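Structure assessment
The residues making up each chain are set out below.
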Amino acid sequence: MSDQAHSLRTPIVAVLGHVDHGKTSLLDKIRGSAVSDGEAGAITQHIGATAVPLDTISEMAGSLVQPSDFDLPGLLFIDTPGHHSFSTLRARGGALADIAILVVDVNDGFQPQTEEAIDILQRTGTPFVVAANKVDTTPGWNPVEDSPIKPSYDGQSDAARSRLDENLYELIGQLSDRDFSADFYWRVQNFRNNIGVVPCSALTGEGVPDILAVLMGLSQRFMKAEMEIDVEGPGEGTVLEVKDQQGFGATLDVVVYDGIIREGDTIVVGASNEPIVTEVRALLQPRPNAEIRVEKQFEQVDSVGAAAGVKIAAPDLDNAIAGAPVRVVRDRPEEDVVEEVKAELAEIEVGTEEEGVVVKADTLGSLEAMANALQEAEIPILRAEVGDIAPRDVAVAGTAREAENKAILGFNVDVLPNAERELEQAEVRLFSDDVIYQLVEEYDEYVEEMKRSQQETILDKIIRPARFQILQDHTFRQSDPAVVGVEIMSGTVKNNANVAKFENNEPDRVGQLSGIQLQGDDVSEARAGQRVSLAIDGPTVGRQIEEGDELWIDLPEKHAKILEQELSDEIPADELEALSGYLNKRRKRDPFWGK
Ligand SMILES: Nc1nc2c(ncn2[C@@H]2O[C@H](COP(=O)(O)OP(=O)(O)OP(=O)(O)O)[C@@H](O)[C@H]2O)c(=O)[nH]1
């Protein structure tokens, strides 16, 4: 190792992709072949991460990675399953991962979580390579275990290769739809502008050497400067998880990306309220496999330098939150570090309003991503927090004024048992998903359905406008009730409605409908264009009403207002015409009627 390597840290790699596309298998393959290829020390298992040193990578990748070409010490793969837990984790305003593998099942192509992963990569500007996984499932595929992909690909039958090509081109097309120019990785000249697609199989290991080679190449070429750290500097990291650990209480699983953390160090940790200031009691790492029979699960280490995963045991960590920063105080005023942590948390703070939904997410980063998505969808947020859904959240959601806001949107979180009971009692709806846009979509659909059914109920209860005219020579009875033939000009006339007439713009209620007959049959309503006979209780033909008169269904002012302001999109055009005619008449006398 050159001197310079002492100050270059391991790049942090995240593996993202849709469920079942092979993230865990790919990581297992990398770990497994590293262990079987190399001797002791081939990999180091950290808390939440696996470190693969350069020598091991070079052994696995063969001629694709010559150790002399690199001075980065290797790669640190974050292990946490489910891409949200880490891909949305941040480090000093950027992504925690320096580089990523986007795993896509070559038969399935882009799926919802692939889209979401792409969003995250795009937003954080994280360089990535696409692992076009499961090539071994191509009909007629002839596997070459653990081989670089090019010789294996070239050695396939024409039929198998062209089947695979079809899928690969589709994938390249999908990337281009997302504004990424991509190609088979061996054709890519400039990895800064183009995304390399590596056909591979996590099962047979084909293409895995190539993925490692591209990751090393990308890091060495484009990120070397960012990997330069002061190895003795105060440690900085991001909380992956807050976990209760027997014998230690609440502990933090942390990825350290800068400096060094030592036992006894004072650290500042982002928490749900004020930052926590505490002292590191123990730094814990998993025991190597050989010592698995030893009773204690962890081994204690004196210090941990970047980049590494570690479990930190310290007092008072209960309120720490996943995604929050961890900073060592060493050699500087504690207040300054507290301010730094506060500033970083403030950057992620989600804007809330007085009225809106409650949002819960598993990490600060995912909370931020949720908040962005909700803002885009114009869904207001009443409260947003990291953590599982607790009874308090149900209570808060229940205080929302609007029915549609009495909702909790939970992203990658569990519902605590006592909150489940409360949910049943309170009229609070829970939406829970591990794909952000699906969560937003589910909620949107719920709100629309709710509005639709509210409007239907309102429409059912509301008196609807209609205009009709008494036909000449169609008086069948003069009074008690008056029975006349009419033509419905617009709107729908319903039985029992009140009838009005305007004389010199003066509205006059003339009576109430007590029967409708269409060609001799009793009906409950009559529509525009129909000729029916109406029985009207109250007036006498020749006095209050006359043949040729234009009559209206009399609308209560409140109903007219709701129809005009809220339901004008819901009612048919002829009814709308009747409404505006009626309002015109009314407003000639009182311009503010129904406003
Ligand atoms: N044939 C074949 N099967 C694979 C390959 N990679 C993964 N699989 C299978 O696909 C399934 C899902 O793989 P996982 O590695 O669990 O996928 P994942 O993306 O980690 O899934 P989650 O952790 O649930 O999100 C498993 O049954 C694997 O054995 C591959 O390259 N070839």
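If you look the protein chain up in an unreviewed UniProt entry, it shows as Probable translation initiation factor IF-2 from Halohasta litorea. Checking UniProt for the protein chain, the heading Function (unreviewed entry) contains the comment "Function in general translation initiation by promoting the binding of the formylmethionine-tRNA to ribosomes. Seems to function along with eIF-2." What UniProt records for the protein chain under Sequence similarities (unreviewed entry) is the sentence "Belongs to the TRAFAC class translation factor GTPase superfamily. Classic translation factor GTPase family. IF-2 subfamily."

Per the secondary structure count, the protein chain includes 14 helices and 32 strands. Compactness check: the protein chain gives a C-alpha radius of gyration of 35 Å against a globular reference of 25 Å for 595 residues, more than 25% above the reference. With the C-alpha coordinates of the protein chain rotated into their principal frame, the extents come out at 110 × 65 × 40 Å. Across the 595 residues of the protein chain, 52% fall into the buried class. Across the protein chain, contacts joining residues at least 24 apart in sequence account for 70% of those joining residues at least 6 apart. Of the roughly 27,400 Å² that the protein chain leaves accessible, carbon and sulfur atoms contribute 43%.

Here we come to the nonpolar core. In this structure, Phe77 and Ile101 are the most contacted members of the largest nonpolar core, which totals 64 residues. It is helix α7 (residues 208–222) that contributes the most residues to this core, eight residues altogether. Phenylalanine 77 has contacts with Val13, Leu27, Ile30, Gly48, Ala49, Thr50, Val52, Ile101, Leu212 and Leu215, leaving out every residue within four places of it along the chain.

To continue, consider the site of the ligand. The environment of the ligand is formed by 15 residues, the closest being Lys23, Thr24, Ser25, Asp136 and Ala202. Aspartate 20 is positioned with one of its backbone polar atoms (N or O) 3.0 Å from an oxygen atom of the ligand. Between the ligand and lysine 23 there is a distance of 2.8 Å, counted from an oxygen atom to a side-chain nitrogen or oxygen. When the free accessible area of the ligand is taken as 650 Å², the share hidden by the protein chains comes to 69%.

Considered as a void within the structure, the largest pocket measures approximately 1,000 Å³ in volume. When residues in the lining of the largest pocket are grouped by element, the largest group, four residues, is from helix α8 (residues 334–348). Counted by class, the lining of the largest pocket contains 19 nonpolar, nine polar and twelve charged residues. Here the second largest pocket is characterised by a volume of approximately 630 Å³. What lines the second largest pocket is a set of 33 residues, among which Asp98, Gly125, Pro127, Met223 and Glu226 lie closest to the centre.

Glancing now at the sheet that holds strand β22 (residues 381–386). Read across the sheet, four strands follow the order β22-β21-β23-β24 without closing on themselves; strand pairing throughout is parallel. Because the sheet does not close on itself, it has two edges, and the strands there are β22 and β24 (429–433). Sheet twist, expressed as the average angle between the axes of neighbouring strands with direction ignored, equals 15 degrees. Bridge count for strand β23 (residues 407–411) against β24 is five bridges, and the pairing is parallel. Bridging across to β24, phenylalanine 411 finds its partner in aspartate 433. On top of the sheet, helix α10 (residues 391–398) reaches β21 (357–361), β22 and β23; it is set at about 170 degrees to β22, its chief contact.

The share of residues in the protein chain with pLDDT of 70 or more is 94%, and the mean pLDDT across the chain is 89. Of all helices and strands in the protein chain, the one with the weakest mean pLDDT is helix α3 (residues 84–87) (52), whereas strand β14 (residues 266–269) scores best (98). Every residue in residues 1–5 is under pLDDT 50, and counting partners more than four places away or in other chains gives five contacts. Across the assembled chains, the prediction reports ipTM 0.98 with pTM 0.73.

A separate point is the environment of tyrosine 443. Within the secondary structure, tyrosine 443 sits in helix α12 (residues 436–461). Taking the relative accessible area as the measure of exposure, tyrosine 443 reaches 2% and is therefore buried. As for tyrosine 443 and leucine 409, which are separated by 34 residues in sequence, their C-alpha atoms are 8.0 Å apart. Not counting the four nearest positions on each side in its chain, tyrosine 443 is found in contact with Val357, Ile379, Glu404, Asn405, Ala407, Leu409 and Phe431. Here the side chain of tyrosine 443 touches glutamate 404 through a polar contact of 2.6 Å, landing on its backbone oxygen.

According to the stated counting rule, one finds 13 aromatic pairs in the structure shown. Look at phenylalanine 184 and tryptophan 186: their rings are 5.2 Å apart centre to centre, the planes differ by 55 degrees, and that puts the pair in the tilted class. Judged by centre distance (5.9 Å) and plane angle (75 degrees), the rings of tyrosine 185 and tryptophan 186 are edge-to-face. The exposure class assigned to tyrosine 185 is buried, which follows from its relative accessible area of 13%. Among the aromatic residues, those joined into a cluster by ring pairs are Tyr153, Tyr169, Phe184, Tyr185 and Trp186. Over the face of the ring belonging to tyrosine 153 we find arginine 161, whose NZ or CZ atom lies 5.9 Å from the ring centre. Sitting over the face of the ring of phenylalanine 184, arginine 187 holds its NZ or CZ atom 4.6 Å from the ring centroid.

Looking now at the pattern of salt bridges. Counted by the stated rule, this structure contains 36 salt bridges. Note that glutamate 274 is salt-bridged to lysine 342, the shortest N-O span being 3.4 Å. In this pair, glutamate 274 is assigned in the loop between β14 and β15 (276–279) and lysine 342 in helix α8, connecting sequence segments 68 residues apart. Ionic pairing is found between aspartate 393 and lysine 360, a salt bridge with its closest N-O pair at 2.9 Å. Highlighted residues: aspartate 393 in helix α10 and lysine 360 in strand β21, separated in sequence by 33 residues.

Of all residues except glycine, most have a negative phi; of all peptide bonds, most are trans. Alanine 307 follows alanine 306 through a cis peptide bond whose omega is -10 degrees. Turning to its location among the elements, alanine 307 is positioned in the loop between β18 (303–305) and β19 (308–313). For the bond from aspartate 480 to proline 481, the omega torsion is -20 degrees, close enough to zero to count as cis. In this structure, proline 481 sits in the loop between β25 (466–477) and β26 (482–494). The backbone of lysine 134 sits at a positive phi, close to 70 degrees, despite the residue not being glycine.

With that settled, the discussion passes to the pairing of strand β27 (residues 498–503). Strand direction decides the pairing type here: β27 and strand β28 (residues 506–518), joined by six bridges, are antiparallel. Bridge pairing in β28 links glutamate 503 to glutamate 506. Between the antiparallel neighbours β27 and β28 lie two residues, among them asparagine 504 with a positive phi of about 50 degrees. Two elements, β27 and strand β32 (residues 550–553), share two bridges in a ladder whose sense is antiparallel. By the bridge assignment, valine 499 is partnered in β32 with isoleucine 553.

Scoring rules and cut-offs
- Residues numbered from 1 in each chain as written.
- Predicted model: local features only at pLDDT ≥ 70, side-chain atom pairs only at ≥ 80, totals over all residues.
- Heavy atoms only, no water.
- UniProt positions renumbered as here; feature names shortened; annotations may be inferred.
- Helix = DSSP H or I, 4+ residues; strand = E, 2+ residues; numbered from the N terminus.
- Rg over C-alpha atoms; globule rule 2.2 N^0.38 Å.
- Buried < 20%, exposed > 50% of the residue type's maximum accessible area, 1.4 Å probe, protein only.
- Contact = heavy atoms within 4.5 Å.
- Areas by Shrake-Rupley, 256 points an atom, 1.4 Å probe, with all protein chains shown as cover.
- Core = buried A, V, L, I, M, F, W, Y, C linked by side-chain atoms within 4.5 Å.
- Near = heavy atom within 4 Å.
- Polar contact = N/O pair within 3.5 Å; in protein donor to acceptor, adjacent residues only side chain to side chain.
- 1 Å grid on protein atoms, 1.4 Å probe; cavity = no way out; pocket = protein on both sides within 12 Å on 5 of 7 lines; lining within 4 Å.
- Points joined across faces, edges and corners; volume = space filled by probe spheres on them.
- Nonpolar A, V, L, I, M, F, W, Y, C, P; charged D, E, K, R; others polar.
- Pairing = 2+ DSSP bridges.
- Axes fitted to C-alpha atoms, helices over the stretch in contact; angles between N-to-C directions.
- pLDDT = per-residue confidence, 0-100.
- Phe/Tyr/Trp six-rings, centres within 6.5 Å; stacked < 30°, edge-to-face > 60°.
- Lys NZ or Arg CZ within 6 Å of the ring centre and 35° of its normal.
- Salt bridge = Lys/Arg side-chain N within 4 Å of Asp/Glu carboxyl O.

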